[in-house]
Amino acid sequence: MPVLDEKGQIQIHTENIFPIIKKAVYSGHEVFLRELVSNGLDAISKRRMAAMAGDCSEGDEGKISIRIDREKNTLTITDNGIGMTAEEVKRYINQVAFSSAEDFLEKYKQEDDAIIGHFGLGFYSSFMVAKQVELVSLSARPDAEAVRWSCDGSPSFSLEAAERSEPGTDVILHLMEEELEYIEPARIRTLITTYCDFMPVEVQLEGETVNKRQAPWRKSPRDLSDEDYIELYRYLYPFQGDPLLWVHLNTDYPYTLQGILYFPKSTGRADWDKGEIRLYCNQVFVSDSIKEVVPRYLLPLRGVIDSPDIPLNVSRSALQTDRRVRSIGGFVAKKVGDRLKELHRDDPRRYAEIWESLAPFIKIGAMEDDKFAEQVADLVLFGTTATAQTATAPADDSSSDDATAADASAKPENSAGDTENLDPIPGQGGKAYTTLAGYRSRLAADNDKRILYCTDEAGQASALALWKSQSAEVLLADTFVDTQFIPWLEYRHEELKFQRVDAELDDSLQEQESELADADGKDNSEKLRQLFKGALANDKVTIQVQALKGDSAPAALILLPEQMRRINDMGALMEQRLPGLPDHHVLLVNRKHKLVEGLLKLSAGSVITGAGSSPSQQLADELSAHIYELARLAVGGLEPNQLAGFQQRSSDLMGKLMERGL
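Residues numbered from 1 in each chain as written. Predicted model: local features only at pLDDT ≥ 70, side-chain atom pairs only at ≥ 80, totals over all residues. Heavy atoms only, no water.

A. Inspection of a nonpolar patch on the surface at higher detail. A surface patch of nonpolar side chains, about 320 Å² in accessible area, is lined by M570, L573 and M574. Take M570: its relative accessible area is 36%, and that puts it in the partly exposed class. (Patch = residues over 30% accessible without salt bridge, like charges linked within 9 Å, V, L, I, M, F, W, Y side chains within 5 Å. Areas by Shrake-Rupley, 256 points an atom, 1.4 Å probe, with all protein chains shown as cover. Salt bridge = Lys/Arg side-chain N within 4 Å of Asp/Glu carboxyl O. Buried < 20%, exposed > 50% of the residue type's maximum accessible area, 1.4 Å probe, protein only.)

What follows is the structure, encoded as structure tokens:
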């Protein structure tokens, strides 16, 4: 056989979009190691399949070794896979337009999911860090001879005979001066942990195995304990606490996908733009940004999705959006919805305890995805002022975070005879929760279309206390997304009217008593209305006077008509500011309050002097303005720069009242 000694030009087909040796091929240089190790895994998988077909020797267990030579500034990646002949090197390395993986799949179609990427393409990522690349390979096929290929980054290459005793491939990188960080063992170890940690073969650095190898998401849920799931979460997301629950994904039709997704404890720092789910391809890490794969509302979930059927571009870090990817996203969303339904059905108390962390995913998902909305229609909870029925939600003494976060293996659906428990369910901190259906079941038949809700227990405390004093149940819609979720719910339930507690007060909160008019035809309510109107001198404030029930009813409170307030809230959201108090609002004065009754007497005893209002009338005006400012203060309607003036006026007013009393 003639001695192999060949030189030539690498062939690049114009229709191939991979620009060889250009630095822009990949977004980050470090991925060269992932590509080369992945190629080694491909070669090991090919040898195993070819050996099963009787086409080559089986060899030892697959292994990938990485060696560093500080004197020569080289990094060598070695595998004991199928190797290549000289003809295969020329075809798969030189002619970049062809893919060894495609040809190999044509022959061994039964295990197409074992192929990661295209050897000839990922191989060229090595030129991002190397000024020269050598490849020494010996095919595992019978009577093969070793071959050495070398290229300095130009289209020129050399191909010659070489010495290698065992089948496999060495890729030797002669590093550029500016890329010498990759001869540091700590740097390489970090890259192995990042990209190859769950690869199914050993990845060794200077003879020491670095990667974990075992990928729990590739196992059946039956073979995993709660501790196995939690251990993986702690490993992937250290110092983040334990997950609330998880979903095990596994399907092989119409695409192959495995994974484990976790609901994290709410931290207020959820990433709704990029996400924290990690994408793998056959146990090789690809990207930690998979916003093209899963729906946006699931991005803050954590965990792993592993699929060879998600199309990757040349960098393997950006995803193409196509029909299959959208289908995968729908599959993931459905499995998440199924898991939530399962927990809500089997352990409603646990579900209520973790609801605050689940709420953003479910509410945003429902608004953005009609199919998901149908799945979770009966799973949305609200805090409620009703008393929780602890007897309806028995808690097992063994229900800890670890024990209750069960795996996602499907359980039988409820039988047709089962009905939903509509009683309030206890959650954390003594708070009670209810579904919308449960809330409506407790309303009077003639008033089951109005849904009372509160978005800020402190800011709406006065109005909330009024409703509660009359035994009205109020939903607590106090999450950041509820300003959009309430109108969305109203749109889906056209027969319902959602009314915030401070929007208006109905007859049930008012004393129904007649008033006597004076000689001018004015009753006390009209006198008070005119008094406040004159004192405030603000046409944007509508004055209403009513007699409110209950000794604890305030002297006055601010009411915000529902539609006007929603417009204000939406404007604030679009302008990315806090809603604040709209200029147009209602001041409801409680004529039964002792302060207001005294104010009316003070105003009635005033006389007009030649200089204008009497001191009593001036004091009545100041008290009216003070009552208004107190009502504004209760709803956070005083800006920080107005508080100092309010304090000064309050002090002056108390001084005047002291003078009158002494």
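B. Examining the packing of aromatic side chains more closely. Following the criterion strictly, the structure yields 18 aromatic pairs and no others. Both rings, one in F198 and one in Y235, keep their centres 6.2 Å apart while their planes meet at 90°; by these two values the pair is edge-to-face. Pair noted here: F198 is in the loop between α5 (185–196) and β8 (202–205) and Y235 is in helix α6 (residues 226–236), with a separation of 37 residues, a long-range link. The exposure class assigned to F198 is buried, which follows from its relative accessible area of 1%. We classify Y235 as partly exposed; its relative accessible area is 36%. (Phe/Tyr/Trp six-rings, centres within 6.5 Å; stacked < 30°, edge-to-face > 60°. Helix = DSSP H or I, 4+ residues; strand = E, 2+ residues; numbered from the N terminus.)

C. Expanded view of the sheet that holds strand β22 (residues 556–559). Strand order in the open sheet formed by three strands is β21-β23-β22, and the pairing between neighbours is mixed. Strands with a single pairing partner mark the edges of an open sheet, and in this sheet they are β21 (541–546) and β22. Ignoring which end each strand starts from, the neighbouring axes of this sheet average 25° apart. Bridging between β22 and strand β23 (residues 585–590) involves four bridges; their strand directions are antiparallel. Counterpart to L559 in the pairing with β23 is V586. (Pairing = 2+ DSSP bridges. Axes fitted to C-alpha atoms, helices over the stretch in contact; angles between N-to-C directions.)

D. Up close: the pairing of strand β12 (residues 276–281). Taken together, the five bridges between β12 and strand β14 (residues 302–306) define a ladder with parallel strand orientation. The residue of β14 that forms the bridge with R278 is V304. Of the strand pairs in this sheet, β12 and strand β13 (residues 284–287) are connected by three bridges, and their pairing is antiparallel. Each residue of the ladder has a partner; that of C281, found in β13, is V284. The hairpin formed by β12 and β13 contains two residues between the paired strands, and N282 there has a positive phi angle of roughly 50°.

E. Spotlight on the nonpolar core. Counting residues in each nonpolar core, the largest one holds 80 residues, and the members touching the most others are F263, I305, V332, V336, W355 and L358. Of the residues forming this core, the biggest block, eight residues, is contributed by helix α7 (residues 323–346). Sequence-distant contacts of L358, that is, excluding residues within four places in its chain, are made with L245, F263, L340 and Y351. Formed by 62 residues, the second largest nonpolar core is a distinct cluster that contains V89, A130, V147 and W217. (Core = buried A, V, L, I, M, F, W, Y, C linked by side-chain atoms within 4.5 Å. Contact = heavy atoms within 4.5 Å.)

F. Examining the confidence of the model for the protein chain more closely. Across the protein chain, the average pLDDT comes to 83, with 83% of residues at 70 or higher. Between residues 97–101, whose pLDDT stays under 50, and residues either more than four places distant or in other chains, the model counts 12 contacts. (pLDDT = per-residue confidence, 0-100.)

G. Here's a closer look at the side chain of T251. One can find T251 in strand β10 (residues 245–251). Side-chain polar atoms of T251 contact the backbone oxygen of Y253, separated by 3.0 Å. Discounting residues that sit within four places of it in the chain, T251 has contacts with T256, L257, Q258 and F331. (Polar contact = N/O pair within 3.5 Å; in protein donor to acceptor, adjacent residues only side chain to side chain.)

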